[in-house]
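Results of the structural survey
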2 protein chains.
Amino acid sequence: MVNITRPPAQKVERGQNPRTGRVTCTVAVTPPDGVEAALGAASAASRAVGASSPATRARWLRAIADALEEPDAAADLIALADRETALGETRLAAELARTADQLRFYGDAAVEGSYLGVTIDRATPARPSLARVRVPLGPVAVFGASNFPLAFGVLGNDTASALAAGCPVVVKGHPAHPALSARLADLALSALERAGAPDGAFALVTGFDSGAMLVQSPHTAAVAFTGSQQGGQHLWRLANERDVVIPVFAEMGTVNPVVLTPAGAAGTAEVAAGFVRAFTGGAGQFCTKPGLLFAPSGSGFAAAAGRALERSAPQAWCLTEQIAASAAAGTDGLVEDGATVVARVAGPGRGWSVEAVLLSAPIGAVRPGNRLLEECFGPVALVVEYQDMAGLLSVLPRLQGTLAAAIMSGGEQDPDIPRLLDALTPLVGRVVVDGWPTGVATAWGQQHGGPWPATTAPASTSVGAAALDRFTRPVTYQGTPDMALPPPLRPDNPWSVPRRVDGALEMGRR
Amino acid sequence: MVNITRPPAQKVERGQNPRTGRVTCTVAVTPPDGVEAALGAASAASRAVGASSPATRARWLRAIADALEEPDAAADLIALADRETALGETRLAAELARTADQLRFYGDAAVEGSYLGVTIDRATPARPSLARVRVPLGPVAVFGASNFPLAFGVLGNDTASALAAGCPVVVKGHPAHPALSARLADLALSALERAGAPDGAFALVTGFDSGAMLVQSPHTAAVAFTGSQQGGQHLWRLANERDVVIPVFAEMGTVNPVVLTPAGAAGTAEVAAGFVRAFTGGAGQFCTKPGLLFAPSGSGFAAAAGRALERSAPQAWCLTEQIAASAAAGTDGLVEDGATVVARVAGPGRGWSVEAVLLSAPIGAVRPGNRLLEECFGPVALVVEYQDMAGLLSVLPRLQGTLAAAIMSGGEQDPDIPRLLDALTPLVGRVVVDGWPTGVATAWGQQHGGPWPATTAPASTSVGAAALDRFTRPVTYQGTPDMALPPPLRPDNPWSVPRRVDGALEMGRR
């Protein structure tokens, strides 16, 4: 959870090792004039960044990706990230590779050019020509996540997709990993300079007050955030109080319900083991962690998952002291609202150690306003047993909007799959059949978003090719001479992008 | 301007003839249980409307269009509209034809199917399949405009595009034309019933309090509004106070600046006559009315436009008493903020008569916070003379976000076109070269929106094929068996829609 109470005025942020709580580094907080300077430079760079071709921006993004994967830099980043997050070097090495892949993916998506939405209606006797293209919004303020220090951090999805879309980026670094953030920013700045990107295309600022300045500045055109509902909604409210309101794309944590169907219950033991891995992996600090699983009564699922939890005995630390405290308090809240502890495994004890807890609750306890429906960030999950499908289907609409949901079925022919898809679709950005919601592939078909309160902008995604759309808006040029049009609207289509001409789609020439 | 102060509790709305002020009809205001019933029926119809094929919905929309154009109905609607709006039968007949065309256009856009954004990434060894499609949001509350009683009214762009996208619609009728609204709703309900649309797919409610109920109801999934900044922002704030916040697509009036270039000044007399027609047409009650024109100093433009205004001597009535009062007050406000009256032509005197006024102001008066930058709804416009292009270019960024802007040039080779397009693009949803911003064609390439405060959702358009996008959001189905997928994601593509498969665009089969 992000603490949105203004902390005491700070001059420094302290990196701490979650395994010990020891301070590992001290990073100066950006002073107000530093934030102003970053925003001014971003604003000054907007025209050059926005007018650059997608191929040019893809080159900048590849330069950053290559810099991250340079062996010495990669080893350094992984060690630094592990020291500040305790997520483990294996996971962090995979996350670094993913981060580099993402940077290249968004560059490729920009080059492909569909994100421009080029639509040309040539002049007719009844009306002049109309040529529509999506233009970049301008400087984007990115608030990186704590839980994916690389893939959703300083150079994560939001930064990569905003740059790909032609917008300068000013990142507010997450205080949970200040040294890593500074190192990532240094690498990016060098890579961008080498690749010829304009000064001001990218900057990092730190400090709580700097974040508010970013949202309130007239230079800022959009905000992207990954984190808690409390944090994301706070920024959204700040932005809504501006004279010129700007969009806030906040992707927030949710409960991500899973349904085990009656036919799927034959696989209870295996599903239970998978469930434990899914809710304890990364110390349960995934926005897509399955926090709530509905199992058929009599399946013995809760007991099986409890045994699996005790066997797996996860020993994990939270990213911050506050997350560890919130996870413990969240468990207490679930008990207060009617859940019973099925199994609990103590954490390693030192540092920001966290207990892994599995709870169960009767289905009647699942009702609006009950904390059982809300995310408890950390390795904590709840099993609810249902009597029959009709009863379950009457309960599902009470759930909050959520990033993802999953159905663990008895196979493709399971008759409950279609009706559960029907019931879950209105609640989610993504439904998974026979898989866990935790993995979010960077792909053309990805949707990482969901109805309020999963995001503040349910039609947007923070992962996948459509992530670029967030940072653009359409402009139509009416009756405009060809050579005065932006390149993708010109008759020779110099960027070779797909276009709709007089209503019919035409492929890009490649 | 919409009055957002709660009026005294009403039981009826009175239609009035603007030419005389006389009451022409009395329509009962929908009681709260009637609003609840309409919303409940819309919610109950959501599944059937959303699951219907685009071709089915296109049939419903064509049935409404045909009903509007049935000769007796059309004559009746035009007469009724003229009695309640005084916009004149010629204009209203054209608007009725446009409204029917729009209904068919949005149906055709739905059938074409690009709005579904179908994107399929087939399974790979590294990840399961991802299949993404835009799904309808559910019931949409539509607030029709006063100034286009047909094209942006009960069956206007918002209603047509929401139905086309698969969402039930509950319209809040505009109090300026209650009898027309009731007649349009009756026609639509009969046509929808004949075409086999589900009960609850469409309803009309009336009354100020009914509007607030629509925005606050948990049944409502989105709001579409056309009208004043005050009215649209009020609904947006109401929606933001909900537990589950919903999107508000408010398209609002703006100043729509026009620049006459030095080369274009050769045509001053002709441009001046066109300007007068553009700002006085429909009694200046267009959201795209050019309210501010920059002319080169020494061009004599203000004087020429003043003479054209006196010659044309428009004799017009406003739609409501309040708009007439606002137009007069707005003129006074412009004078208070530094403008001088160049010419004024008295209205016809009776009813909601309105004076047409042309003003001028020095360029230094154009600064943020000054009313010269704000819309004055009605036949009122301002001319500002600029010394040189550099000076003008330094002033343009002070303008508010606006729906449209125009450049009146000296022809395709005019060197000022590219630099003005550059300067105006960040401010607008649409730029027009050598035309007036008033006409908004319903087409694939249209963008009728713009930066805040032109709309509350600058990436959206309320006119054109992309208007459907507002009422959908993407959902991804991961690892889902083919036959459990919604039709547009199935391997056989039964709706024949364009799709992106493994990153590559594929045309629909037609």
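The shown structure was predicted, so the numbers you read here are calculated from the model rather than taken from an experiment. (Residues numbered from 1 in each chain as written. Chains lettered and ligands numbered in written order. Predicted model: local features only at pLDDT ≥ 70, side-chain atom pairs only at ≥ 80, totals over all residues. Heavy atoms only, no water.)

Residue and element names in this part refer to chain B. Remark: helix α3 (residues 71-85) packs on helix α4 (residues 89-112), axes separated minimally by 9 Å, with the N-to-C direction vectors making an angle of 125°. One way to sum up the angle between α3 and α4 is to call them oblique. Judged by the sense of rotation from one axis to the other, the crossing of α3 with α4 is right-handed. Seen from α3, the contacting residues are Ala74, Leu77, Ile78, Ala79, Ala81, Asp82 and Thr85; seen from α4, they are Glu89, Leu92, Ala93 and Leu96. A per-class count over the contact of α3 with α4 returns eight nonpolar, one polar and two charged. (Axes fitted to C-alpha atoms, helices over the stretch in contact; angles between N-to-C directions. Helix = DSSP H or I, 4+ residues; strand = E, 2+ residues; numbered from the N terminus. Parallel < 35°, antiparallel > 145°, perpendicular 65-115°, else oblique. Left-handed = near helix turned anticlockwise from the far one by under 90°. Contact = heavy atoms within 4.5 Å. Nonpolar A, V, L, I, M, F, W, Y, C, P; charged D, E, K, R; others polar.)

Bringing the interface of chain B and chain A into the picture now. Between chain B and chain A, the residue contacts involve 59 residues of the former and 59 residues of the latter. Summing the contributions of chain B and of chain A, the shared interface buries around 4,700 Å²; its carbon and sulfur component is 58%. Across the contact surface, chain B and chain A share four salt bridges. Arg500(A) is the salt-bridge partner of Glu112(B), the closest N and O atoms lying 3.0 Å from each other. The tally of links from chain B across to chain A stands at 38 residue pairs in polar contact (both at pLDDT 80 or more). Residue assignment for the side of chain B that touches chain A shows that the elements contributing at least two residues are β3 (119-121), β4 (130-136), α8 (229-240), α13 (416-424), β18 (428-433), β19 (472-478) and β21 (504-506) of chain B. At seven residues, the largest contribution of residues to the side of chain B that touches chain A is made by β19(B). Within the side of chain B that touches chain A, the residues separate by chemical class into 30 nonpolar, 16 polar and 13 charged. Where strand β18 (residues 428-433) of chain A and β19(B) come together, three bridges link them in parallel fashion. (Buried area = accessible area lost by both parts, 1.4 Å probe. Salt bridge = Lys/Arg side-chain N within 4 Å of Asp/Glu carboxyl O. Polar contact = N/O pair within 3.5 Å; in protein donor to acceptor, adjacent residues only side chain to side chain. Pairing = 2+ DSSP bridges.)

Before going further, it helps to spend a moment on the confidence of the model for chain A. Mean pLDDT over chain A works out to 95, with 98% of the residues at or above the 70 mark. Scoring the predicted complex yields pTM 0.97 and, for the interface, ipTM 0.97. (pLDDT = per-residue confidence, 0-100.)

All names here are of chain B. Taken together, five strands build an open sheet; the order of strands is β7-β6-β5-β8-β9 and the sheet is parallel. For this open sheet the edge positions go to β7 (202-205) and β9 (248-252), each flanked by a neighbour on one side alone. Direction aside, neighbouring strands of the sheet carry axes that sit 15° apart on average. Summarising the sheet, strand β6 (residues 169-172) and β7 pair through four bridges and their orientation is parallel. By the bridge assignment for β7, Val171 is matched with Leu204.

What follows covers the nonpolar core. Core analysis: the biggest nonpolar cluster contains 124 residues, and Phe202(A), Phe471(A), Tyr477(A) and Phe294(B) have the highest contact counts within it. Those residues in contact with Phe202(A) that sit more than four places away from it in its chain are Val154(A), Leu155(A), Thr159(A), Val169(A), Val171(A), Ala185(A), Ala188(A), Leu189(A) and Leu192(A). Listed in part, the 123 residues of the second largest apolar core include Leu421(A), Leu103(B), Val171(B) and Phe471(B). (Core = buried A, V, L, I, M, F, W, Y, C linked by side-chain atoms within 4.5 Å. Buried < 20%, exposed > 50% of the residue type's maximum accessible area, 1.4 Å probe, protein only.)

What follows deals with the relation of the copies chain B and chain A. Here two copies of a chain appear, and what relates them is a rotation about an axis with a shift along it. With an RMSD of 0.0 Å, chain B superimposes on chain A once it is rotated by 180° and translated 0.0 Å along the axis. As the rotation angle and translation indicate, the two copies are arranged about a two-fold axis. Interface overlap between copies: 100% of the residues of chain B at the interface are likewise at the interface in chain A, consistent with a symmetric, same-surface contact. (Least-squares fit on C-alpha atoms with pLDDT ≥ 70 in both.)

Inspection of every chain in the model, using the stated rule, returns 20 aromatic pairs over all chains. Between the aromatic rings of Phe249(B) and Phe471(B), the centroid separation amounts to 5.9 Å while the plane-to-plane angle is 80°, which identifies the pairing as edge-to-face. Of this pair, Phe249(B) sits in strand β9 while Phe471(B) sits in the loop between β18 and β19, placing them 222 residues apart in sequence. In this structure Phe471(B) comes out as buried when scored by relative accessible area, which is 0%. Put simply, the rings of Phe275(A), Phe279(A), Phe301(A) and Trp436(A) pair up and form one aromatic cluster. (Phe/Tyr/Trp six-rings, centres within 6.5 Å; stacked < 30°, edge-to-face > 60°.)

In the segment running from Trp452(A) into Pro453(A), the intervening peptide bond is cis, with an omega of 10°. The topology assignment puts Pro453(A) in the loop between β18 and β19 (472-478). Phi is positive for Asp502(B), which is not a glycine, with a value near 50°. Structurally, Asp502(B) can be placed in the loop between β20 (499-501) and β21.

What follows deals with the pattern of salt bridges. A pair can form between side chains of opposite charge whenever their charged atoms are brought close. All names here are of chain B. Under the defined criterion, the tally for this structure stands at 28 salt bridges over all chains. For the salt bridge of Glu95 with Arg91, the shortest nitrogen-to-oxygen distance reads 2.9 Å. Placement of the pair is Glu95 and Arg91 together in helix α4, with a separation of four residues, close to one helical turn. The burial state of Glu95 is the same as that of Arg91; both residues are buried. Arg344 is the salt-bridge partner of Glu355, the closest N and O atoms lying 2.7 Å from each other. Taken together, the residues Glu355 in the loop between β14 (353-354) and β15 (356-362) and Arg344 in strand β13 (residues 340-345) connect sequence positions eleven residues apart.

All names here are of chain A. With respect to topology, five strands assemble into an open sheet ordered β7-β6-β5-β8-β9, the strand pairing being parallel. The sheet is open, and its two borders are formed by β7 (202-205) and β9 (248-252), each paired with just one other strand. Recorded for the sheet is a direction-independent mean angle of 15° between the axes of neighbouring strands. As paired elements, strand β8 (residues 222-227) and β9 share five bridges and run parallel to each other. The residue bridging Phe225 from the neighbouring strand is Ala250, located in β9. Relative to the sheet, helix α7 (residues 208-216) contacts β5 (140-143), β6 (169-172), β7 and β8, its axis offset from that of β6 by approximately 145°.

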